[in-house]
Each structure stands twice: as structure tokens, then as C-alpha cells.
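The primary structure of each chain is shown beneath.
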Amino acid sequence: MKTDIINFSGNINPFYINEIVNTLKLKTQALNLSDQIKKRLKFIAIELLQNAYNYGLVEKKQTPVCFFSIKLHNNTFIISCKNYITQSQQEKLESKLNSINSYTKTELKTEYLNTLSNGMFNDKGGAGLGFLCMKLNSKSNINFSITKSYLNKKLFSTHITV
């Protein structure tokens, strides 16, 4: 049976990110989890929520829409995040995530260090470290899908297990 830990759907902004993280802290304390698991859950949650906020499709001067949840199933946490993106973002994300998912642990660490030392940032200030760190922290692949939505939008879904 799956147990809901966190559920959020709506326009995401820094206030809601903070509220979700604070709720996560309270819920993980109540579950008596190890500090390591708490930190991993918090880190991945923040990365996914910030990605949705920073890179999600913005319409009508609103903040991006995000669907976020954390569920517990058979002693495994499933962290899911969905947000809308554009076609051009789809191609970049598929390429980046397929590469990251193909890396061995050693290759992942090497790519992390290369990305840090190269310092190549995109127009939103990111260098691509977030997904690398999420894979390192979760110790599992980043499951993702991109499906056609409406009006040429794409729904980007990520699922990470801890």
C-alpha cells in the first residue's frame, strides 16, 4: 500500500517551495527516518521543485504549474514532479537525462567534477548539476517521461526513488 507523504498541485513559487520543504521536514521527523534519508529526500525535493519553478513553462504572467508528490511504498520513497515544458526543452532534457542514466557511479562522479570545473551556465544560471546530484543522492536512475499535452505543451514527469 502506498502512503502519501506530500501532495502539491498548483502554481509553484519560492513561498510554496519553502512550505513544501517545511512540511516534508515535519513528516520525515514523524516517520523517525535516519538523518541520511531525510537529507536525501529534502535535497531531491528542493532540486525538483526549483527546476519546475525555474524551467517550467510560464503562461499569462503566472508562475509555472507543478504537480509534486512523495509517496512511501514498501520502505521506498517515490518522489514525483511534473511540469509543462516546450518542445525545445524536451530535446535537451531527453538527451541530458538519457546520458546521466547511462553513467556508472564513477562516470557520474567524473561528469559532476567536469561540470563543476567547466562552469558553463545556461541563461537561467544552471550548469546541469541538479540532475547529476539527484542521481548521486538517490542511488537510482531518474525515471522520466515527456508526453504531449495540449496546445503544443509537453508534460515533463520525473520519478525518483530513495
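Residues numbered from 1 in each chain as written. Predicted model: local features only at pLDDT ≥ 70, side-chain atom pairs only at ≥ 80, totals over all residues. Heavy atoms only, no water.

Comments concerning the packing of aromatic side chains
Part 1: Within the structure shown, the criterion is met by three aromatic pairs.
Part 2: Taking 5.5 Å as the distance between ring centres and 45 degrees as the angle between the ring planes, the aromatic pair formed by Phe8 and Tyr16 counts as tilted.
Part 3: Judged by relative accessible area, which is 14%, Phe8 ranks as buried.
Part 4: Note on Tyr16: relative accessible area 35%, which makes it partly exposed.
Part 5: Ring geometry for Phe15 and Tyr16: centres 5.4 Å apart, planes at 70 degrees, overall edge-to-face.
Part 6: Residue class for Phe15 comes out exposed when judged on its relative accessible area of 52%.
Part 7: Ring-pair connections join several aromatic residues into one group, and the members of that group are Phe8, Phe15 and Tyr16. (Phe/Tyr/Trp six-rings, centres within 6.5 Å; stacked < 30°, edge-to-face > 60°. Buried < 20%, exposed > 50% of the residue type's maximum accessible area, 1.4 Å probe, protein only.)

Comments concerning the sheet that holds strand E1 (residues 2-11)
Part 1: On the basis of which strands lie adjacent, the open sheet formed by five strands has the order E1-E2-E3-E5-E4 and antiparallel pairing. Looking at which strands have only one partner, the edges of the open sheet turn out to be E1 and strand E4 (143-148). When the angles between neighbouring strand axes are averaged without regard to direction, this sheet yields 10 degrees. (Pairing = 2+ DSSP bridges. Helix = DSSP H or I, 4+ residues; strand = E, 2+ residues; numbered from the N terminus. Axes fitted to C-alpha atoms, helices over the stretch in contact; angles between N-to-C directions.)

Things to note about the packing of helix H1 (residues 14-30) against helix H2 (residues 35-55)
Part 1: Put simply, H1 and H2 touch, their axes get as near as 10 Å, and they point 160 degrees apart. Judged by the inter-axis angle, H1 sits roughly antiparallel to H2. As H1 runs across H2, the sense of the crossing is right-handed. Contacts between H1 and H2 involve Pro14, Ile17, Ile20, Val21, Leu24, Lys25, Thr28 and Gln29 from the first element and Lys38, Leu41, Lys42, Ala45, Ile46, Leu49, Gln50 and Tyr53 from the second.
Part 2: Its residues assigned to classes, the contact of H1 with H2 shows ten nonpolar, three polar and three charged. (Parallel < 35°, antiparallel > 145°, perpendicular 65-115°, else oblique. Left-handed = near helix turned anticlockwise from the far one by under 90°. Contact = heavy atoms within 4.5 Å. Nonpolar A, V, L, I, M, F, W, Y, C, P; charged D, E, K, R; others polar.)

Re the environment of Ile44
Part 1: Its location among the elements puts Ile44 in helix H2.
Part 2: When its relative accessible area of 0% is taken as the criterion, Ile44 is described as buried.
Part 3: Here Ile44 is in contact with Ile79, Met134, Asn137, Ser138, Ile160 and Val162, once residues within four sequence places are set aside.

Concerning the side chain of Asn51
Part 1: By the element assignment, Asn51 lies in helix H2.
Part 2: You can call Asn51 buried: its relative accessible area is 19%.
Part 3: Ignoring anything within four residues of it in the chain, the contact list for Asn51 reads Gly56, Phe131 and Met134.

Focus: the state of the cysteines
By definition, a disulfide links two cysteine residues through a covalent bond between their sulfur atoms.
Part 1: For the structure shown, the criterion picks out zero disulfides.
Part 2: Looking at the unpaired Cys66, the closest cysteine sulfur is the one in Cys81, lying at 3.7 Å.
Part 3: What makes Cys81 buried here is its relative accessible area of 2%. (Disulfide = S-S within 2.5 Å.)

Digging into helix H5 (residues 129-138)
Part 1: With seven of ten residues buried, H5 lies mostly within the body of the structure.
Part 2: Among the residues of H5, Gly130, Phe131, Leu132, Cys133, Met134, Lys135 and Ser138 are the ones counted as buried.
Part 3: Looking at the residues trailing H5, positive phi occurs at Lys139, about 60 degrees.

Focus: the environment of Asn75
Part 1: When you line up the elements, Asn75 lands in the loop between strand E2 (65-73) and strand E3 (76-85).
Part 2: Separated by 75 residues in sequence, Asn75 and Tyr150 place their C-alpha atoms 36 Å apart.

By themselves these figures say nothing about function.
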